[in-house]
Amino acid sequence: MRGITFVRQFGEVVLAIAIAPLFAGWIAQCRAWMQNRSAPSLVQPYRMLRKLFQKDAALAKNASPLFRTTPYVLFGTMVLAAAIIPSLATDLPFARAADAIALIGLFATARVFVSLAAMDIGTAFGTLGARREMMIGFLAEPALLMVLFNAFLLSGSTALPSLVEFYNAHRFLIDPSLAFAAIAFVMVLLAENARIPIDNPTTHLELTMIHEAMLLEYSARHLALVEWASSLKLFNYACIGFALFIPWGIAAGGRNGSAATLLAIAALMGKLAVAGAALALIESLSAKLRIFRAPEYLATAFLLAVLGLLVHLQIGAR
Amino acid sequence: MVTRASIGPLLNVLASGLLLISFAMLSRRRTQRLIILFAWQGAILFLSTCLVAYSSGLTELYYSAALTLILKVILLPWILHRLISKLGAQWDSETLVNIPTTMLVGLVLVIFAFGLTQPISTLATTITRHTLGMALAVILLAFLMMITRRKALTQVIGFLAMENGLFFAATSATYGMPMVIELGIALDLLVGVFILGIFFFQIREQFDSLDLHHLEALKED
Amino acid sequence: MEILLVLGLPLLGAVTLALFGARRFAPELNVGFSLATLAAAALLVLRVIHYGPMLIGREQFFVDSFNVFLVALTAFVGFTTAIFSRPYMRIEELHGSLNSLRLRLYHSMYQLFMAAMFLALLTNNMGLLWVAMEAATLSTVLLVSLYRTKASLEAAWKYFILCGVGIAQALFGTILLYFAAEQTLGREGMTALLWTHLNAVKGHLEPRVLGLAFVFFLVGYGTKVGLAPLHNWLPDAHAEGPTPVSAVLSGLLLNVALYAVIRCKVLVEGSIGVLLPSRMLMTFGLLSAILGAFFLWRQRDIKRLFGYSSIEHMGIITFAFGLGGPVANFAALLHMTVHSLTKSSIFFTAGHASQAAGTQNMDGIRGLVGVSPTIGWGLMLGSLAILGMPPFGVFSSEFLILITAMRGHPWATPFLLIALGVAFAGIFGKVQPMVFGESDAQPLPHSPALVPVFVHLAMVLVLGLYMPPALAEWYRAAARLIG
C-alpha cells in the first residue's frame, strides 16, 4: 500500500514537471489571441527547452560554484514544492510532510539563491534585478501569508491537504473572507511570477525588468533549468490557488481509485485552462506599473488579505 | 435555487462586496471609474435588498429594492455621467497622496466599525445581523474618501457612497425603514444631486476647474 | 387644522413665489405669506394654551409645550426677517449684485426653508424629522451661494458637504433608534419611529443601541447646531449668504437643529440614564463656547464676527441643556428665545451697515451713528444685548445658567466666565469704532426697515425686566418635559 502511494506521488510530480511549460505556453497563446497577434504554438516552451539543452553552456570567467549550482537548486526546490502542494490528491506522503508555511520558506530559499547568483557575476543588471526581486519578495511574502491565514482560519490547520478535505466536507460553503483572499492571492501571484502589472516577462527593457535582469548571464542548460523552474513556479502558484479557493475535483478523503485520479487530472487540466485564460486576460487588460508603484500594489494585496481576516472574524464562526 | 438557509451567507458575501468596492473607490484615480464603482455598489444593494425581501417576505422591501435599482444603478450614475461629459471632465484624474497609508487608515476604520457594532450585532434577531458592522465600515470609508479627495465630483461620489452604506444599514439591521421615510430620503438625495449639478457649473464658471484647491480662500485670518 | 395651516402656508408661498417671485411685488408677497404663517402659528398657540398638547394626522404630527414655543418663535422671526428683507434685497438689486431671477429663487427658497423648519418642529416621526432637516439644508444651500461669487460658492460648498456628512451620521442614528424600537415596539409600520410612542417605552429600549445612537445624533444634528469642532461651515455660510439668510440661519435653523438633539436626548436619557448624554452635551457646549469666543478676536468681517458669536451662544445653550434639571432647562429655553431675537436683529443692522459702507470688512465701516442713527444705535444696543448687559434678557438667562453651573458643576464656571469675558471684549472692541467715529458713507437708496430690530430688542428687554407669568409657566412646562 505504501508503495502505491509513493508511485502516485511520483506520478504527480512528473505530471507537474511535464505540464508546467505547457501551462506557460497556453498563457502565451491566450495573450497572443487577445492582442490580435498570431499565437505561438502551444509546445513552443518545449522547443525552447530542447534548443537550450542542446547548446553548450558559456560561463563568465569569475562565476563561482554558486552561480553554477543555482539552476539545479532552483529546479529542485520547485519540484519539491510541486510534491508538497496537493494538486491531484490529498493523501500523498509529501503533502503531509510540510505545511504551507514551509512552502513559503521553500519559495524564499529559491529567491535567495537566484538573487545571490544574479549578483555573483557582478554586472550592473544582475544586481539591479536582485535588488528589485528582493523588494518585491519582501512585500509579497507577508501578503501571501495573510492569504493563507484566511484559509487556515476556516480549516483550523496550516496544512493544505486538510484545507482541501475541509472543503470537501462543507461543499457549499460561502465565506466572503475568501473573496478578499482570492483577489489578494491573484495580485501576489502576478507579482511573484514576474507578470504584467509588476514585471513583463517578454521584454528586456533595462529600466523595468526584474526577473529577466537576473537571468542575463545564464545560457544553455542552465538557462533551460531556470526557465523550467520559473514555469514550475507559476504552475505551483496556480495549484496553491486551486487548493485554497477551488479545490473541487482533487481526490480527497482516501479516494484513490483510478476513477478518482482520472477525474482529478481532468479537473486540474480544466482549471489550468481557465486560469491561464484568466491570467492572460488580466495581463492584457492592465498596464505595467512603474517600479515605484509596486509597493503600493503589494500593500493593497496585503490590506485586502487582512480585510478578509477581519471580515471572517466579524462574521464569526458559524 | 436559493434556499432560505443560505441567504445569510449570501448576504455576507454581498456585504463584503460592498466593502471591497469601498476600498476600490479609495484607490481609484479616475472619476469615471468611480462612477462605475458607485453603480456597482447600487447593484449590490439592489440584490441584497431583494434577498432580504425574499427571506423576510415583506413586499414593501421589493419597492425599496426597485427604488434602489432605478435611482442608484441607473439614474444617478447616468446623471453623473452626463455631468462629467458636459463638463468635459471624463479624463480627469487626481493625484492621490500615498494610497497605502489611506488604505491603512481605512483598515483601522473597519476594525473600529466592527468593534463598535459587535455588542449590537449580538442583539439583532434578523438574519443579516453581521452586516451592520460592514455597513458602518462602508459609511466610514466613504467619509475617508471625502476627506482625502480634492475634486468636487469625487467628494460627491463619496457622499453618495455614504448614503449607500446608510441604506444598507437600514436594510440589514431593521429590514428597511418605513416606506414614507425611504421615499423622503430618496427625494432628498435626488434633489441634493440636482443642486450639486447646478453647483458644478457655478463652480466651474467661477474657477475654471472643479478642483477644490480653489475653494480654500475662506480661512481664519 | 392649525398645524396643517402652519405647514401648508409656507409651502403654498414657496410655490406661489416660484411662479411670481420675479415680479415687483414679490417681497410684499413674501411678507404676506410670512404674516399669514405667523397668524396660523398664533392660532396654534392659542389652541395649545386652551386644550393642551395634541396629536393629529394619525399621530404623525404633534404639538407640546416644547415645540409650540419654537413654532411661535420661528414664525415670528420669519415674519420680521421678511419685513427686513424687503428693502434690503431691493438695495442689493439696485447695487447690481442680484437680478430678478435670483430674487425669485431667494423668495421661493425662503418660504420652502420655513416650511422645512416647521415640519422638523411639528413632526412626531424621527424619520421625518431627519428628512425635514435635510430639506432645510438643501433649501438654504442655493441661498448661501446666491451671489455666485467665489467666496459664496466656497461657503455653500462647505455648508453642503459638511452638513450633508453630518446629517448622514444623524440618519445612522435614526436607523439605530428604529432598530432598538423594533425590538420593543415590534414592526408596526410607521409607529416604531413616533416620538410619543418611543417616549412611552423609553425605559425598555436597549441601552447599548441607544447610547451609540445618541453619539451619532449628537454628531449629526450637532453639525447643524454649529458645535465645535464641526462648526466650520457656520461662519462662512453666515458671512457669504445674503443677510436675511444669515439672520434666519442663526436665529432659527440652529435652534431647530438643537431642538432635534434635545428630542433625541430625552429618549436616550430614559434608556441609559442622564450621565453620558449630559456629559457629552456639556463637553461639546463648553468647547464651542470657548472656541467661538476666542475666534471672535480674529475676525475682520462683521457677519463672520456674529457667526462666531452664534457658535458661542449655541455652545452655552447646549451646555445648559447638558446641565439638565428644571432651572437649567428653563434658562436654556429662555436663552434660545433671546438669542434668536437678538442675533437676528444684529444681522439686520449689520446687513444695512455693510450696505451703507459698501463692505463687510469692519475696518471699512465707521461712524454709523453719523450715517443713520437708527442703524448705529440698533447695532450698539443689539451688541450690548448679546453680550449679556444687565437690563436685557440675555443677562437673565446667562445668569441663571451660571448659577446652576456653580451649584452642580463648579469646575465649569471659570470656563463659562472666560468665554463670556473674551466674547465681551472681542465684540465690544470691534463694534464701538464702527458705531461712533467719522464716516463719509452715503445714505441708503431705500429707507431700511428697522422696525423689526427695535421690536426684537424691546422684547429682549422686556424678557429681562419682567417675564409674563403665562410665558414663565410655559417655559416651565417645556423644561419639565425635557427633564
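Thresholds applied
- Residues numbered from 1 in each chain as written.
- Chains lettered and ligands numbered in written order.
- Predicted model: local features only at pLDDT ≥ 70, side-chain atom pairs only at ≥ 80, totals over all residues.
- Helix = DSSP H or I, 4+ residues; strand = E, 2+ residues; numbered from the N terminus.
- Rg over C-alpha atoms; globule rule 2.2 N^0.38 Å.
- Buried ≥ 20, exposed ≤ 12 C-beta atoms within 10 Å, placed from the backbone.
- Contact = placed C-beta atoms within 7 Å.
- pLDDT = per-residue confidence, 0-100.
- Nonpolar A, V, L, I, M, F, W, Y, C, P; charged D, E, K, R; others polar.
- Axes fitted to C-alpha atoms, helices over the stretch in contact; angles between N-to-C directions.
- Parallel < 35°, antiparallel > 145°, perpendicular 65-115°, else oblique.
- Left-handed = near helix turned anticlockwise from the far one by under 90°.
- Core = buried A, V, L, I, M, F, W, Y, C linked by C-beta atoms within 7 Å.
- Expected span 1.5 Å × (residues − 1).
- Arc of directions from axis to C-beta.

**Regarding the overall build of chain C**
What chain C contains, in helices and strands, is 19 helices and two strands. A compact globule built from 483 residues would reach a C-alpha radius of gyration of about 23 Å, and chain C, at 21 Å, matches this within 12%. With the C-alpha coordinates aligned to their principal axes, the bounding extent of chain C is approximately 70 × 55 × 45 Å. Per-residue burial over chain C gives 63% buried out of 483 residues. Of all intrachain contacts in chain C linking residues separated by at least 6 positions in sequence, the fraction that spans at least 24 positions is 82%.

**Side note on the overall build of chain B**
In terms of regular secondary structure, chain B is built from seven helices and zero strands. For chain B, the N- to C-terminal ordering of α and β elements is α-α-α-α-α-α-α. Looking at the 221 residues of chain B, the share that counts as buried comes to 51%. Long-range pairs, those at least 24 residues apart, make up 73% of the contacts in chain B with a sequence separation of at least 6.

**Focus: the confidence of the model for chain C**
Here chain C averages 88 in pLDDT, and 99% of its residues register 70 or above. Interface confidence in the predicted complex, given as ipTM, is 0.88; pTM for the same model is 0.85.

**Section: the interface of chain B and chain C**
Facing 36 residues of chain B, the contacting portion of chain C comprises 37 residues. Elements that contribute at least two residues to the side of chain B that touches chain C include exactly helix H4 (99–121), helix H5 (131–148), helix H6 (152–174) and helix H7 (179–207) of chain B. Ranked by residues supplied to the side of chain B that touches chain C, first place goes to H7(B) with 13 residues. Classifying every residue of the side of chain B that touches chain C gives 26 nonpolar, six polar and four charged.

**What about the interface of chain B and chain A?**
A common measure of how large an interface is: the accessible area buried when the components associate. At the junction of the two partners, chain B supplies 20 residues and chain A supplies 15 residues. For the side of chain B that touches chain A, the secondary structure elements donating two or more residues are helix H1 (7–27) and H4 of chain B. Broken down by element, the side of chain B that touches chain A gets its largest block of residues, ten residues, from H1(B). Residues of the side of chain B that touches chain A, tallied by class, amount to 15 nonpolar, five polar and no charged.

**Things to note about the packing of H7(B) against helix H5 (residues 126–144) of chain C**
At a minimum axis separation of 9 Å, H7(B) and H5(C) run at an interaxial angle of 15°. Overall, the two elements H7(B) and H5(C) adopt an arrangement that is roughly parallel. As H7(B) packs across H5(C), the resulting crossing turns out to be left-handed. Contact with H7(B), carried on its side by B:Ile181, B:Gly184, B:Ile185, B:Asp188, B:Val191, B:Gly192 and B:Ile195, involves C:Gly127, C:Leu128, C:Val131, C:Glu134, C:Ala135, C:Leu138, C:Val141 and C:Leu142 of H5(C) and no other residues of that element. Across the contact of H7(B) with H5(C), the residue classes tally to ten nonpolar, three polar and two charged.

**Examining the arrangement of the chains**
The highest contact count of any of the two pairs of chains in contact belongs to chains B and C. In this structure chain A stays clear of chain C, and the shortest span between their C-alpha atoms is 18 Å.

**Comments concerning the nonpolar core**
Of all hydrophobic cores here, the largest spans 367 residues; its most connected members are A:Ala143, A:Ala184, A:Val188, A:Ala305, C:Met117 and C:Ala120. Counting residues per element, this core draws most heavily on helix H6 (residues 150–185) of chain C, at 22 residues. Discounting residues that sit within four places of it in the chain, A:Ala143 has contacts with A:Ala184, A:Val188, A:Leu298, A:Ala301, A:Phe302 and A:Ala305.

**Notes on the confidence of the model for chain B**
The predicted coordinates ought not to be read in detail in places where the model reports low pLDDT. Residues at a pLDDT of 70 or more form 86% of chain B, whose mean pLDDT is 80. Mean pLDDT values for the elements of chain B range from 80 in H7(B) up to 88 in helix H2 (residues 31–56) of chain B.

**A word on the packing of helix H3 (residues 65–95) of chain C against helix H10 (residues 243–272) of chain C**
Residue and element names in this part refer to chain C. At their nearest, the axes of H3 and H10 sit 9 Å apart, and the two run at 170° to each other. The angle between the axes of H3 and H10 places the two elements in the roughly antiparallel class. Residues Asn67, Leu70, Thr74, Val77, Gly78, Thr81, Phe84, Ser85 and Tyr88 of H3 touch H10, and the partners they reach there are Thr243, Pro244, Ala247, Val248, Gly251, Leu252, Asn255 and Tyr259. Along the lines of polarity and charge, the residues of the contact of H3 with H10 split into nine nonpolar, eight polar and no charged.

**Concerning helix H19 (residues 469–482) of chain C**
Since one α-helical turn is 3.6 residues long, residues separated by three or four positions face the same way. Residues and elements named next belong to chain C. With 14 residues, H19 should cover 20 Å at 1.5 Å per step; its first-to-last C-alpha distance of 20 Å lies within 8% of that length. Buried within H19 are the following residues: Trp474, Tyr475, Ala478, Ala479 and Ile482. Summarising the axial view, the buried residues of H19 lie within an arc of 135°, below the 170-degree limit, and thus occupy one face. In H19, the exposed positions that point more than 90 degrees away from the buried face belong to Pro469 and Ala470. Here the buried face of H19 lies against H3, H10 and helix H13 (325–357). Positive phi shows up at Gly483, right after H19, with a value of about 85°.

**Some words on unusual backbone geometry**
In this chain, C:Ala228 is followed by C:Pro229 through a cis amide linkage whose omega measures 5°. One can find C:Pro229 in the loop between helix H8 (207–225) and helix H9 (233–240). Phi is positive for A:Asn36, close to 60°, though the residue is something other than glycine. Mapped onto the elements of the fold, A:Asn36 is located in the loop between helix H1 (2–34) and helix H2 (44–54). Classification of A:Asn36 by C-beta neighbours within 10 Å gives exposed; the count is 6.

**Quick word on the environment of B:Met177**
Residue placement: B:Met177 occurs in the loop between H6 and H7. Placed ten residues apart in sequence, B:Met177 and B:Phe167 show a C-alpha to C-alpha distance of 8.9 Å. Excluding residues that lie within four positions of it along the chain, B:Met177 makes contacts with B:Ala170, B:Glu182, C:Gly127 and C:Tyr178.

**Overview of helix H5 (residues 100–120) of chain A**
Residue and element names in this part refer to chain A. Between its first and last C-alpha, H5 extends 30 Å over 21 residues, near the 30 Å set by a 1.5 Å rise per residue. Listed in full, the buried residues belonging to H5 are Ala100, Leu103, Phe107, Ala110, Arg111, Val114, Ser115, Ala117, Ala118 and Asp120. Looking at the packing, one finds that the buried side of H5 touches helix H3 (65–84), helix H6 (124–155), helix H7 (160–169) and helix H9 (211–215). One or two steps after H5, the chain reaches Gly122, where phi turns positive at roughly 95°.

**Side note on the environment of B:Thr148**
All names here are of chain B. With respect to the secondary-structure elements, Thr148 resides in helix H5. Using a count of 20 C-beta atoms within 10 Å as the deciding quantity, one classes Thr148 as buried. Considered as a pair, Thr148 and Trp78 are 70 residues apart in the sequence and their alpha carbons are 25 Å apart.

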